[in-house]
Amino acid sequence: MSNPEVLVETDAVTRFYGRHAAVSDMSFVIRRGEVLGFLGPNGAGKTTTMQMLSGNLAPSSGRVLIAGHDMHEAPEKAKAHLGYLPEYPPLYREFTVDEYLDYAAALRRIPRKARRAARERAKARCGLGDVGGRLSANLSKGFQQRVGLAQAIIHDPDVVILDEPTVGLDPIQIREVRALIRELGREHAVILSTHILPEVQASCDRVQIIHKGRLVLSENIDTLMARMESQALIAAFRRTPNLDAIGKLTGVRSVTVDDDGRVRILHEPGADPTDAIVRLAIEQDWGLREINPEHSTLESIFVELTGESPEAA
Ligand SMILES: Nc1ncnc2c1ncn2[C@@H]1O[C@H](COP(=O)(O)OP(=O)(O)OP(=O)(O)O)[C@@H](O)[C@H]1O
């Protein structure tokens, strides 16, 4: 599909708590077949945004449209198209998984006759086939999270909203939930919030970084990865190298010396001059000590965009 259907649209959404704007002027779209990662440090406004998208919190201004339905004007229609896994999913601990999912199906107004099939389908998709008779309370955190996901997709919604879906899970559970998110993204539009930088790399097609309630970046994951690919080398020599000679090598854009005496060589994307520099260093006896690509990370991009480290923010 060249222009897949827009399933979520926010138009200048703002939310105040008192005089504090938790989310400001937020506009974006999500299309079918897309997993959008909403990345930001604690307190950035992710949960507030998820709650507005899911219709659990009214924006102070701006509009949310789900599958073309305005959340404010037609909340029932809008909500019928979405499933929501809140940060703390409400699990009825004394219910078995099947009872809980039946209840979720009833809440979603799935006709009584169709509930069993909906439940079994959601369980199969979330890897819950064997635990239908178990009490939710006795399941591991990873399985409880799958139950939360199963209730979010029981009515096969167009849009799935997941707030910090892997918090508290062990590495194997995290991998499984991420695989499930990718699978959901094939047919639905998925938005997930996270403060974990690698999570978006693992699960998302597109990333939006939110900082102090504002979007500071919106990019395809491929573009972001390309941006993170090295376009600089850091080299150290025992003797002073001929910087002009390095500067004349094919693909080299600029050569500078850092405060610590190491040489920073910026080059064209895809034109790594490492081999040529090593040859020059040997020929001219500069005493090469190290030469490494300088990788930018999502962390460094975050710092570049916001001027703060994710932890400090
Ligand atoms: N009910 C509330 N009343 C007042 N302020 C609130 C309320 N909920 C959130 N805030 C404030 O709004 C800002 C955004 O909070 P939000 O929970 O949306 O951030 P978050 O990115 O989801 O962070 P976290 O991951 O810690 O939940 C924070 O400054 C928070 O203190």
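These numbers come from a predicted model, not from an experiment.

Peer 1: Which residues make up the overall build of the protein chain, and what are the values?
Peer 2: Per the secondary structure count, the protein chain includes 11 helices and 14 strands. Relative to the 2.2 N^0.38 estimate, which gives 20 Å for 313 residues, the radius of gyration of the protein chain is 25 Å and therefore markedly larger than a compact globule would have. C-alpha extents for the protein chain along the principal axes are approximately 80 × 45 × 40 Å. Long-range contacts, defined here as pairs at least 24 residues apart, represent 66% of the contacts in the protein chain between residues at least 6 apart.

Peer 1: Break down the environment of Leu298 for me, citing the residues and quoting the values.
Peer 2: By the element assignment, Leu298 lies in helix H11 (residues 298–306). Residues Leu298 and Leu280, spaced 18 residues apart in sequence, show a C-alpha to C-alpha distance of 33 Å. Excluding its chain neighbours within four sequence positions, the residues that come into contact with Leu298 are Leu197 and Met228.

Peer 1: With reference to specific residues and values, describe the site of the ligand.
Peer 2: In the region of the ligand, the neighbouring residues are Tyr17, Ala22, Gly40, Asn42, Gly43, Ala44, Gly45, Lys46, Thr47, Thr48 and His195. With 3 residues, helix H1 (residues 46–53) is the single largest residue contributor to the shell around the ligand. Among the residues making up the shell around the ligand, the classes are represented as 3 nonpolar, 7 polar and 1 charged.

Peer 1: Could you give me a rundown of the sheet that holds strand E4 (residues 61–66), with the residues and numbers involved?
Peer 2: Pairing is antiparallel in the open sheet, where 4 strands are placed in the order E2-E1-E4-E5. Only two strands of the sheet have a single partner each, and these edge strands are strand E2 (20–31) and strand E5 (69–70). With 8 bridges joining them, strand E1 (residues 6–17) and E2 adopt antiparallel strand pairing. Bridging across to E2, Val8 finds its partner in Ile30.

Peer 1: An account of the nonpolar core is requested, with residue identities and associated values reported.
Peer 2: Core analysis: the biggest nonpolar cluster contains 57 residues, and Ala150, Ile161, Val190 and Ile191 have the highest contact counts within it. Looking at which domains feed residues into this core, each of domain 1 (1–81 + 157–229 + 298–313) and domain 2 (89–154) gives three or more. Excluding anything up to four places from it in sequence, Ile191 contacts Val8, Ile30, Leu36, Phe38, Leu53 and Ile161. In terms of nonpolar packing, the next biggest core, distinct from the first, is built from 9 residues, Leu233, Ala235, Ile246 and Ile277 among them.

Peer 1: Pulling in residues and values, what's your account of H11?
Peer 2: Since one α-helical turn is 3.6 residues long, residues separated by three or four positions face the same way. The complete set of buried residues in H11 reads Leu298, Phe302 and Thr306. Along the axis of H11, the buried residues cluster in a sector spanning 55 degrees; they form a single face. In this structure, the buried side of H11 is in contact with helix H7 (197–203), strand E9 (206–211), strand E10 (214–220) and helix H8 (221–228). Directly beyond the C-terminal end of H11, a positive phi value near 75 degrees is found at Gly307.

Peer 1: Give a description of the packing of helix H3 (residues 97–107) against helix H4 (residues 112–125) that names residues and reports values.
Peer 2: Remark: H3 packs on H4, axes separated minimally by 9 Å, with the N-to-C direction vectors making an angle of 120 degrees. For the element pair H3 / H4, the angle class is oblique. Considering only the axes of H3 and H4, their crossing is right-handed. Across the interface between the two elements, Asp98, Leu101, Asp102, Ala105 and Ala106 of H3 pack against Arg115, Ala118, Arg119, Ala122 and Lys123 of H4. A per-class count over the contact of H3 with H4 returns 5 nonpolar, no polar and 5 charged.

Peer 1: Any details on the confidence of the model for the protein chain? Residues and values, ideally.
Peer 2: Across the protein chain, pLDDT averages 90, with 97% of residues at or above 70. Of all the helices and strands in the protein chain, H11 carries the lowest mean pLDDT, 75, while E4 carries the highest, 97. Scoring of the predicted complex yields 0.79 for pTM and 0.94 for ipTM.

Peer 1: An account of the environment of Leu266 is needed here, citing residue identities and associated values.
Peer 2: Tracing the chain through its elements places Leu266 in strand E13 (residues 263–267). When the 14 C-beta atoms within 10 Å are taken as the criterion, Leu266 is described as partly exposed. The sequence separation of Leu266 and Ser54 amounts to 212 residues, and the corresponding C-alpha distance is 45 Å. Filtering out sequence-adjacent residues up to four positions away, Leu266 remains in contact with Gln231, Ala232, Arg253 and Ser254.

Peer 1: Describe in detail the pairing of strand E8 (residues 189–194), supporting the description with residues and values.
Peer 2: With respect to burial, E8 is a largely interior element, 6 of its 6 residues being buried. A two-sided burial pattern is seen for E8, the buried positions comprising Ala189, Ile191 and Ser193 on one face and Val190, Leu192 and Thr194 on the other. The sheet contact formed by strand E3 (residues 35–39) and E8 spans 5 bridges and is parallel. Each bridged residue has a counterpart across the sheet, and for Gly37 the counterpart in E8 is Leu192. Across 5 bridges, strand E7 (residues 159–163) lies against E8 in parallel orientation. Considered in E8, the bridge of Leu162 is made with Leu192. Between E7 and its parallel partner E8, the chain crosses via helix H6 (residues 171–187), and the hand of that crossover is right-handed.

Each value, and the rule that gives it
Residues numbered from 1 in each chain as written. Predicted model: local features only at pLDDT ≥ 70, side-chain atom pairs only at ≥ 80, totals over all residues. Helix = DSSP H or I, 4+ residues; strand = E, 2+ residues; numbered from the N terminus. Rg over C-alpha atoms; globule rule 2.2 N^0.38 Å. Contact = placed C-beta atoms within 7 Å. Near = placed C-beta within 6 Å. Nonpolar A, V, L, I, M, F, W, Y, C, P; charged D, E, K, R; others polar. Pairing = 2+ DSSP bridges. Core = buried A, V, L, I, M, F, W, Y, C linked by C-beta atoms within 7 Å. Buried ≥ 20, exposed ≤ 12 C-beta atoms within 10 Å, placed from the backbone. Domains from an automatic or database assignment. Arc of directions from axis to C-beta. Axes fitted to C-alpha atoms, helices over the stretch in contact; angles between N-to-C directions. Parallel < 35°, antiparallel > 145°, perpendicular 65-115°, else oblique. Left-handed = near helix turned anticlockwise from the far one by under 90°. pLDDT = per-residue confidence, 0-100. Right-handed = clockwise from strand over helix to strand, strands pointing away.

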